[in-house]
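Listed here are the chains, written in short residue letters.
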Amino acid sequence: MRQLVVPERFDKDELDYAPLPREWPGAAQSPKAIVVHLPGQVFGAYEYGRLVRWGPVSSGSDKSPTPEGFHHLNWKSRGRHSTEDPTWYMKWYFNFQSAEGRALHALEMPGYPASHSCIRMLERDAMWLYGWGEEWTLDETKTQVAQPGTPVLLTGQYDFKEYYPWRRPEWLARPVDLPPLPQ
């Protein structure tokens, strides 16, 4: 049976309910940074190491898992059809791995890793990210990156044998430790 755990009252700031830390010292020098914590299926947006937004995600399925790694936001589109399945229309698309076609975008959120290695987001979060994130800047020949976009860190590995780890009290009780952004 599927479960949804919510507080009895929502009388705090939305950021107080985040499973991610309010402060990320490893991103304190970066004007903007995004982290996707794959085990917790959650993203956080940080400004100079301070959490400014967070939300749930749905990363890659067990057949096409989203790999850990460090990237930057590249280019964006208000919407595009998937090359994997043209019936998938992905709104508020923000690419972070051009060659592999991986992006953060809005699409259905089933509550578990189900994508084809992209990061699915709630539409409200994807739309917010579309306006907040910084794209890369290309040189005058449009062949080289002159300035990378907002840093994106995909961290941890989702345990497909142990679905829904966030339902276990021991998982909820331990803080998420984020590594520093690579330089």
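In the block above lies the structure referred to throughout.
Rules and cut-offs
- Residues numbered from 1 in each chain as written.
- Predicted model: local features only at pLDDT ≥ 70, side-chain atom pairs only at ≥ 80, totals over all residues.
- Heavy atoms only, no water.
- Helix = DSSP H or I, 4+ residues; strand = E, 2+ residues; numbered from the N terminus.
- Polar contact = N/O pair within 3.5 Å; in protein donor to acceptor, adjacent residues only side chain to side chain.
- Contact = heavy atoms within 4.5 Å.
- Core = buried A, V, L, I, M, F, W, Y, C linked by side-chain atoms within 4.5 Å.
- Buried < 20%, exposed > 50% of the residue type's maximum accessible area, 1.4 Å probe, protein only.
- Pairing = 2+ DSSP bridges.

The topology assignment puts Lys 32 in the segment before strand E1 (33-37). A distance of 2.9 Å separates the side chain of Lys 32 from the side chain of Glu 134, its partner in a polar contact. Those residues in contact with Lys 32 that sit more than four places away from it in its chain are Tyr 46, Glu 47, Trp 132, Glu 134, Thr 150 and Pro 151.

Let us look at the nonpolar core. What tends to happen in soluble globular proteins is that the nonpolar side chains get buried as a cluster. Formed by 20 residues in total, the largest nonpolar core has its most connected members in Val 36, Leu 73, Leu 104, Ile 119, Met 121 and Leu 129. Contributions of two or more residues to this core are made by E1, strand E2 (42-47), strand E6 (89-97), strand E7 (102-106), strand E8 (119-121), helix H1 (123-132) and strand E11 (151-155). Sort the elements by how many residues they give to this core and H1 lands first, with four residues. Setting aside its immediate chain neighbours within four residues, Val 36 contacts Val 42, Phe 43, Val 57, Leu 104, Ile 119, Leu 153, Leu 154 and Thr 155. Trp 24, Ala 33, Val 35 and Leu 181 belong to the second-largest nonpolar core, a separate cluster that totals 15 residues.

Looking now at the pairing of E2. In terms of burial, E2 is a largely internal element, five of the six residues being buried. In this structure, E1 lies alongside E2, joined through five bridges in antiparallel fashion. Opposite Ile 34, over in E2, you have Ala 45 as the bridge partner. Here E1 folds back onto E2 in antiparallel fashion, the turn holding four residues, of which Gln 41 has a positive phi close to 50 degrees. Looking at chain direction, E2 and strand E3 (residues 50-58) are connected through six bridges and run antiparallel. Counted as the bridge partner of Gly 44 is Trp 54 from E3. Between E2 and the antiparallel strand that follows it, E3, lie two residues; Tyr 48 among them carries a positive phi value of about 50 degrees.

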